[in-house]
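So the chains spell out like this:
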Amino acid sequence: MKPHPDSGGDDPGGTSVTTLTGVGPALAATLSRLSIDKVKDLLLHLPSRYQDRTSLIPFKALRPGQECLVQGQVTDSRINYGRRRSWMVTLNDGDGTLRLRFFHFAARQVEALTVGRFVRCFGEVRLGPTGLEMAHPEYRDYAKPPAGLEDSLTPVYPTTKGLSQGRLRTLIGRLRELPWPKDSALALDTLLFLHFPPAGATSEDIAEAQEKVARDELIAYYLVMRLRQRQRQSQQAPPLPRAQQLGRALLDQLGFELTSAQRRVLREVLLDLERRQPMLRLLQGDVGSGKTVVAAFAAIRAAEHGAQTALMAPTEVLAEQHYLSFSAWLEPLGIPVALLTGGQKKKMRTSIRARLANGEALVAVGTHALIQANISFHNLALTIVDEQHRFGVHQRMALRAKGHTPHQLIMTATPIPRTLTMALYADMDVSILDELPPGRQPITTRLVAASRRDEVLAHTGRVLDAGQQAYWVCTLIDESEESPAQSAEAIWETLPAKLPGKRIGLMHGRMKSDEKAAVMAAFKSGELQLLVATTVIEVGVDVANASLMIIENPELLGLAQLHQLRGRIGRGAHKSTCVLLYGEDLSEASRTRLKVIRASQDGFHIAEQDLALRGPGEIAGTRQTGETRFRVASLERHAHLIPAIVREGDRLLAEAPEAADALRLAWAGDEAQLAGAAAV
Ligand code: ADP
Ligand code: MG
């Protein structure tokens, strides 16, 4: 294409950073670590924050935590030879004093800062043993009080080893001289404003500009999702219409009635399966809402056509549990089910591999082992991913690639606030299981201080004496110097003395898979009464007789995770209790969060509260964690924009498809650039 006459040449954004003066192969490689390959990437590499060096703050006005520019005269300089050698310089600005503290320093630094010299420094103020101080500030010294200040905010960029702020700033400075096209879909003026804030620009102006750019990025993201949805609709999948009455047969043998939510969701899934387009459905259902059986009915539908289903679960414990349920439900209908995990013996795996390859096993339940290169299917028509947030996008794609555009069902027990779903999952259809099976006892949740551990132990003893079972969940496997949190091993060692005669097991992620399976089986059968575990039991584990869960240091876990953990109890007929055994010094914010868990058992409500309290970065299960790294947008700060973004994206698609394409391409380019845009 010929360059537009007034654009001054091709859009410089699309060219490699090596076209900039001073960028050789070594610097290019360093920049690449920051995902900066093209000039446009540099333009979109925005400051993570700004320093204000535009004014001097008087010592008297300083507050701990403040990062600022100060200036004063040296009144004292001494080296302390305490436990740790340090150099302390006292400054006076005529109205107050401030100390500078250095743990690393050279003799010539000390020699230079004699009493009477003037020092200007920039750093973070903190409360030291003798009042306010700055540790290791940036500083310069002068014979006379220096004059002159920066007139605009100083950008601070995310950087990487081997690339200083100064060098990065110089490089970004070159962006100003480039012949940017006037009609760029990137908000060029706003981006340049953020890189080079003009004199007088305030932090509010910055926030406003950031929001504008974030909005564009989120719209571009939404457009990618919608494009992907359209692309999927043009693909061909094996249609799986109703064929035999095997589903009906399972309904009759199930021993329970489906909830109306399960019936509704199952209808949605089965209708999708009848179509020629591949299904991509996200099934959100709170813990215990009964997603597994919905998945089983979908697998039956595929099996009625002689087509295969693969169900992938994140842990061996869960895969094994699904295998048991699926074989109990499907084998009587004549549908062979196979289990495939990494922990299996080689010979076993080889024979299962053959049964998957020749199509004899119609349903494969397994872990990541399912996506290994040497696994192939005869005709895989349906893939199901359980606990989707535990998997990376590539793993889900790898499973899909085992078939020819199979239908996909993606299940998650971490409810995602609706606003986020609208934008982040715009490429999928969403089903929600918002009803628990009848007869579930509500769980009573208590906040108990760790100092009342003995009472909790006594209560645990009584629950076990009554023939019920309990989980004792710890956030750590073994003791750690850094964290005061209780570890699973330490608890497991001390409990037998506190609960004499009780059968106590230990399970954590570092155990071998057959060890874990054995412990889980022993707990399931009731041989073990109490299971001390790390959060490995978070997903999916189902033991109806367990009616008590103690969670150590709940303040260290996210709300979604706590909700998940708690969902392991309250599954049977017994009244269940969850004890959140919090550590000393619980912060007010943590207490507020734990109260949300205590007050509600509704995963969607908890997710909304979590979003309000901490922002979506913390919510497991959103694409934000792990796979979506927006360059500018932060769901924490910009989630409130989402409804407007969806409206604007839809409007562009309907009224200005070319502008929509331009915006999408400007941000996402070849799609791979937009991290979260990888297909599910
Ligand atoms: P989750 O949605 O958390 O994966 P599961 O599928 O593990 O939940 O179901 C939890 C338990 O509830 C299982 O023991 C399952 O057999 C049972 N269950 C599922 N649906 C119903 C129902 N409609 N009525 C009674 N029990 C049910
Ligand atoms: Mg489940």
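Here the structure is shown first, and the text comes after it.
The shown structure was predicted, so the numbers you read here are calculated from the model rather than taken from an experiment.

Conventions used here
- Residues numbered from 1 in each chain as written.
- Chains lettered and ligands numbered in written order.
- Predicted model: local features only at pLDDT ≥ 70, side-chain atom pairs only at ≥ 80, totals over all residues.
- Heavy atoms only, no water.
- Core = buried A, V, L, I, M, F, W, Y, C linked by side-chain atoms within 4.5 Å.
- Buried < 20%, exposed > 50% of the residue type's maximum accessible area, 1.4 Å probe, protein only.
- Helix = DSSP H or I, 4+ residues; strand = E, 2+ residues; numbered from the N terminus.
- Phe/Tyr/Trp six-rings, centres within 6.5 Å; stacked < 30°, edge-to-face > 60°.
- Lys NZ or Arg CZ within 6 Å of the ring centre and 35° of its normal.
- Axes fitted to C-alpha atoms, helices over the stretch in contact; angles between N-to-C directions.
- Parallel < 35°, antiparallel > 145°, perpendicular 65-115°, else oblique.
- Contact = heavy atoms within 4.5 Å.
- Nonpolar A, V, L, I, M, F, W, Y, C, P; charged D, E, K, R; others polar.
- Left-handed = near helix turned anticlockwise from the far one by under 90°.
- Near = heavy atom within 4 Å.
- Polar contact = N/O pair within 3.5 Å; in protein donor to acceptor, adjacent residues only side chain to side chain.
- Areas by Shrake-Rupley, 256 points an atom, 1.4 Å probe, with all protein chains shown as cover.
- Disulfide = S-S within 2.5 Å.
- 1 Å grid on protein atoms, 1.4 Å probe; cavity = no way out; pocket = protein on both sides within 12 Å on 5 of 7 lines; lining within 4 Å.
- Points joined across faces, edges and corners; volume = space filled by probe spheres on them.
- Pairing = 2+ DSSP bridges.
- Salt bridge = Lys/Arg side-chain N within 4 Å of Asp/Glu carboxyl O.

## Focus on the nonpolar core
Phase 1: Of all hydrophobic cores here, the largest spans 64 residues; its most connected members are Val-23, Leu-31, Leu-42, Leu-43, Leu-420 and Trp-667.
Phase 2: Considering every element that reaches this core, the biggest residue donor is helix 6 (residues 203-233), with 11 residues.
Phase 3: Counting residues in each nonpolar core, the second largest holds 44 residues, with Leu-254, Ala-299, Ile-384 and Leu-409 among its members.

## Things to note about the packing of aromatic side chains
Phase 1: For the structure shown, the criterion picks out 6 aromatic pairs.
Phase 2: Note on Phe-102 and Tyr-139: the rings are 5.6 Å apart at their centroids and 70° apart in plane angle, and the pair reads as edge-to-face. Remark: Tyr-139 occurs in strand 7 (residues 138-142) and Phe-102 occurs in strand 4 (residues 97-102); sequence separation between them is 37 residues.
Phase 3: Using a relative accessible area of 3% as the deciding quantity, one classes Phe-102 as buried.
Phase 4: On the basis of relative accessible area, Tyr-139 is assigned to the partly exposed category, the value being 22%.
Phase 5: Members of the aromatic cluster, connected to one another through ring pairs, are Trp-87, Phe-102, Phe-105 and Tyr-139.
Phase 6: Here Arg-84 stacks its cationic end above the ring of Phe-103, 4.1 Å away from the centre of that ring.
Phase 7: Above the ring of Phe-196, the side-chain terminus of Arg-176 is found at 4.1 Å from the ring centroid.

## Thoughts on the packing of helix 6 against helix 22 (residues 657-668)
Phase 1: One way to put it is that helix 6 packs onto helix 22 with a least axis distance of 8 Å and a crossing angle of 105°. Of the possible angle classes, the one that applies to helix 6 and helix 22 is roughly perpendicular. When helix 6 is examined against helix 22, the residues Val-213, Asp-216, Glu-217, Ile-219, Ala-220, Leu-223, Val-224 and Leu-227 are found in contact with a partner set consisting of Ala-660, Leu-663, Arg-664, Trp-667 and Ala-668.
Phase 2: Partitioning the contact of helix 6 with helix 22 into residue classes produces 10 nonpolar, no polar and 3 charged.

## A few points about the packing of helix 6 against helix 21 (residues 642-655)
The angle between the axes and the distance between the axes are what describe a pair of packed helices.
Phase 1: At a closest axis distance of 9 Å, the pairing of helix 6 and helix 21 adopts a crossing angle of 60°. As judged from the angle between their axes, helix 6 and helix 21 are oblique. For helix 6 against helix 21, the interelement crossing comes out right-handed. Of helix 21, the residues touching helix 6 (which contributes Arg-215, Leu-218, Ile-219, Tyr-222, Leu-223, Arg-226 and Arg-230) are Ile-645, Val-646, Glu-648, Gly-649, Asp-650, Leu-652 and Leu-653.

## A short note on the environment of Leu-62
Phase 1: By the element assignment, Leu-62 lies in the loop between strand 1 (49-51) and strand 2 (67-81).
Phase 2: Overall, the relative accessible area of 8% leaves Leu-62 in the buried class.
Phase 3: Put simply, Leu-62 and Gly-96 are 34 residues apart on the chain and 9.9 Å apart in space, counted from C-alpha to C-alpha.
Phase 4: Each residue touching Leu-62, except ones within four places of it in the same chain, is listed here: Ile-57, Cys-68, Val-70, Leu-98, Val-125 and Leu-132.

## Notes on the site of ligand 1
Phase 1: In the vicinity of ligand 1 lie 16 residues, with Gly-288, Lys-291, Thr-292, Arg-440 and Asp-542 positioned nearest.
Phase 2: Note that an oxygen atom of ligand 1 is positioned 2.6 Å from one of the backbone N or O atoms of Gly-288.
Phase 3: Contact between ligand 1 and Gly-290: an oxygen atom at 3.0 Å from a main-chain N or O atom of the residue.
Phase 4: Contact with the protein chains covers 84% of the free accessible surface of ligand 1, which is 560 Å².
Phase 5: Taken together, the residues of the shell around ligand 1 break down into 4 nonpolar, 6 polar and 6 charged.

## Here we look at the state of the cysteines
Phase 1: Evaluated as defined, the whole model comprises 0 disulfides.
Phase 2: Unpaired in this structure, Cys-68 has its nearest cysteine sulfur neighbour in Cys-121, at a distance of 8.5 Å.

## Examining empty space enclosed by the protein
Phase 1: Taken as a whole and assessed by the stated rule, the structure comprises 1 cavity of 30 Å³ or more.
Phase 2: Approximately 60 Å³ is the volume attributed to the largest cavity.
Phase 3: At 4 residues, the largest contribution of residues to the lining of the largest cavity is made by helix 19 (residues 603-614).
Phase 4: For the lining of the largest cavity, the per-class residue count stands at 6 nonpolar, 3 polar and 1 charged.

## As for the sheet that holds strand 15 (residues 429-433)
Phase 1: The strand order across the open sheet formed by 7 strands is 11-12-10-13-14-9-15, and the pairing between neighbours is parallel. A strand with exactly one partner marks an edge of an open sheet, and here the two such strands are strand 11 (337-340) and strand 15. Mean inter-strand twist for the sheet, computed between neighbouring axes without regard to direction, equals 20°.
Phase 2: When strand 9 (residues 280-285) meets strand 15, the two strands line up parallel, connected through 5 bridges. Across the sheet, Gly-285 pairs through a bridge with Leu-433, a residue of strand 15.

## So, the pattern of salt bridges
Phase 1: Tallying each qualifying case throughout the model produces 22 salt bridges.
Phase 2: Salt-bridge contacts for Arg-78 lead to Asp-76; the nearest nitrogen and oxygen are separated by 2.8 Å.
Phase 3: For the salt bridge of Arg-281 with Glu-268, the shortest nitrogen-to-oxygen distance reads 3.7 Å. In this pair, Arg-281 is assigned in strand 9 and Glu-268 in helix 8 (residues 260-274), connecting sequence segments 13 residues apart.
Phase 4: One salt-bridge network, in which partners are shared between bridges, spans Glu-268, Asp-272, Arg-275 and Arg-281.

## A word on the sheet that holds strand 19 (residues 530-533)
Phase 1: The strand order 16-21-20-17-19-18 describes an open sheet built from 6 strands, whose pairing is parallel. Because the sheet does not close on itself, it has two edges, and the strands there are strand 16 (443-449) and strand 18 (504-507). Neighbouring strand axes in the sheet, compared pairwise and without regard to direction, differ in orientation by 15° on average.
Phase 2: Note: strand 18 against strand 19, 4 bridges, orientation parallel. By the bridge assignment for strand 19, Gly-505 is matched with Leu-531.
Phase 3: Strands strand 16, strand 17 (469-473), strand 20 (546-552) and strand 21 (576-582) of the sheet are contacted by helix 17 (residues 559-566), whose axis makes an angle of about 150° with strand 20.

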